[in-house]
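# Chains, contacts and geometry: an overview
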Amino acid sequence: MKHWRKVILFFCVFIVNLWADESKSETDSKTETATSFKGITITEKHIALMRGIADFLFSHPSDTVEQKEKDKTQKEIIQAVIPAKSEKILKVGIPRDNLPFTAMRNGTPIGFDVDLIRLLFENKAVHVEIVPIETTEIEENISTGKVHVVLGCLIKNTSSNSTLGNSDCYLSTDIAAVSWKKPKKDMQKFSFEGKCIGVIKNSFFEDYIRNANILNAKVVTFPTNGEMLEHLLKESKGSDQYIDAFLSNSYAAKDMVAKYRELELSLLGTKQEIVVLAPKDSPWLGTINQKIKKIEGSDKLSETKRHWGI
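Notes on the structure follow. (Residues numbered from 1 in each chain as written. Predicted model: local features only at pLDDT ≥ 70, side-chain atom pairs only at ≥ 80, totals over all residues. Heavy atoms only, no water.)

### Brief notes about the packing of helix α5 (residues 112-120) against helix α10 (residues 283-295)
Applied cut-off: Axis lines are fitted to C-alpha atoms, over the contacting stretch for helices. Their N-to-C directions set the angle, which ranges from 0 to 180 degrees. Numbering of helices and strands starts at the N terminus; helices are DSSP runs of H or I of at least 4 residues and strands are runs of E of at least 2. Should an angle lie under 35 degrees it is considered roughly parallel, over 145 roughly antiparallel, and from 65 to 115 roughly perpendicular; all remaining angles are considered oblique. Whether two residues are in contact is decided by their heavy atoms, any of which lying within 4.5 Å being enough. Gly is put with the polar residues, along with every residue not named as nonpolar or charged; the nonpolar set is Ala, Val, Leu, Ile, Met, Phe, Trp, Tyr, Cys and Pro, and the charged set is Asp, Glu, Lys and Arg.
At a minimum axis distance of 10 Å, the contact between α5 and α10 shows a crossing angle of 95 degrees. Regarding the angle of α5 to α10, the classification is roughly perpendicular. Between α5, through Leu116, Leu119 and Leu120, and α10, the contact on the second element is made entirely by Ile288, Lys291, Ile292 and Ile295. The class makeup of the residues in the contact of α5 with α10 is six nonpolar, no polar and one charged.

In structure tokens, the structure reads:
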């Protein structure tokens, strides 16, 4: 590097002197210390200027802590202005009307799981794109590539025939039955026998209640928790979709019961793991698992849970 500095210095001096002023008076030439090259005047100022240019272009800073910090800052600045098109896009499907986990309000996705997925990829070169989907079409949306992953308080899939894989568990839930409050004198335990029971179509809860083979029970399916709640509140036994109770996760059930004091919930004591669903071979599952472990016990995750009452 030192040899190159000398070469460039000589070259710069030579070029500048081609432009040097040859009309200086004899008096100036006698009084100013100078070096001449083929009749062209080279002054001390010219040499100093060229040396400064060479140092600027070919300087090699020492490997100090201060320099490392400057290099780090420059690298961060460069990364910050990388075009958005270079980002990876993660398309996340969320069921509608599934508070406190996922919902759409005035076109904006909200809920604990929405905040969670954004927290997982905070300050990363991944753009999270939220795509509202129907709960009944989760597997179809994933298989067609409309979304890469789906979340929204989804229970771990244990079927060996399914094409869907699970992330690590990031929350646990109980199965809850939501029904009308019983009179205080009636302390009998809630029973499904002979009841019309609402569940989300193609959900874990539908499989659960059908496999239970409850005597004289009728299973009625719905696309969302909101529609099940609406039909329960109508209390119209003449309807084909009349229900005595419906099944949901304990968090959603608590949220609904808090809003409608005439309802109550019964926990069934069946703990289930809440996960993110994706194709079994999806690389996103491994990435999400790493990030779930990283934020476990963090203040940000705790604050997000408190905000959504989880």
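### Examining the packing of α5 against helix α11 (residues 299-307)
Heads up, the condition is: Left-handed is the label given to a crossing in which the near helix is rotated counterclockwise from the far helix by less than a right angle, and right-handed is the label when the rotation is clockwise.
Direction vectors running N to C along α5 and α11 enclose 165 degrees, while the axes themselves pass 10 Å from each other. With respect to their mutual orientation, α5 and α11 come out roughly antiparallel. In the packing of α5 onto α11, the handedness of the crossing is right-handed. Contact residues: Phe112, Asp115, Leu116 and Leu119 in α5; Lys300, Leu301, Thr304, Lys305 and His307 in α11.

### Things to note about α5
Definition in use: Relative accessibility decides the category of a residue: with a 1.4 Å probe and only protein chains considered, values under 20% of the type maximum give buried, values over 50% give exposed, and everything between is partly exposed.
With respect to burial, α5 is a largely interior element, seven of its nine residues being buried. Within the sequence span of α5, burial applies to Phe112, Asp113, Val114, Leu116, Ile117, Leu119 and Leu120.

### Comments concerning the nonpolar core
What tends to happen in soluble globular proteins is that the nonpolar side chains get buried as a cluster. Just so we agree on the cut-off: Throughout this description, the term nonpolar core refers to a set of buried Ala, Val, Leu, Ile, Met, Phe, Trp, Tyr and Cys residues connected via side-chain atoms within 4.5 Å.
With 29 residues, the main nonpolar core has Leu90, Val92, Ile117, Leu120, Phe121, Val149 and Tyr170 as its most contacted residues. Mapped by element, the contributors of at least two residues to this core are β3 (88-95), α5, β6 (126-133), β7 (149-155), β13 (263-279) and α10. Once residues within four sequence positions are removed from consideration, Val149 is found in contact with Leu90, Lys91, Val92, Gly93, Val276, Leu277, Ala278, Trp284 and Ile288. In this structure, Val178, Leu229, Phe246 and Ala253 belong to the second largest nonpolar core, which totals 15 residues.

### Considerations on the pairing of strand β10 (residues 196-200)
The condition is simple: For two strands to be treated as a pair, DSSP must find no fewer than two bridges joining them. Here the term right-handed applies to a crossover when the path leading from its first strand over the helix to its second strand runs clockwise, the strands being oriented away from the viewer.
The buried fraction of β10 amounts to five of the five residues, a majority that puts the element mostly inside the structure. Every second residue of β10 is oriented toward a common face, with Cys196, Gly198 and Ile200 on one face and Ile197 and Val199 on the other, all of them buried. Inspection of the sheet shows β10 paired to strand β11 (residues 218-222) by five bridges, in the parallel sense. Bridge pairing in β11 links Ile197 to Val219. Tracing the backbone out of β10, into helix α7 (residues 204-212) and back to the parallel element β11 gives a crossover that is right-handed. Relative to strand β12 (residues 245-249), β10 runs parallel, the two sharing two bridges. Across the sheet, the residue bridging to Gly198 is Phe246, located in β12.

All we've got here are geometric facts, nothing functional implied.
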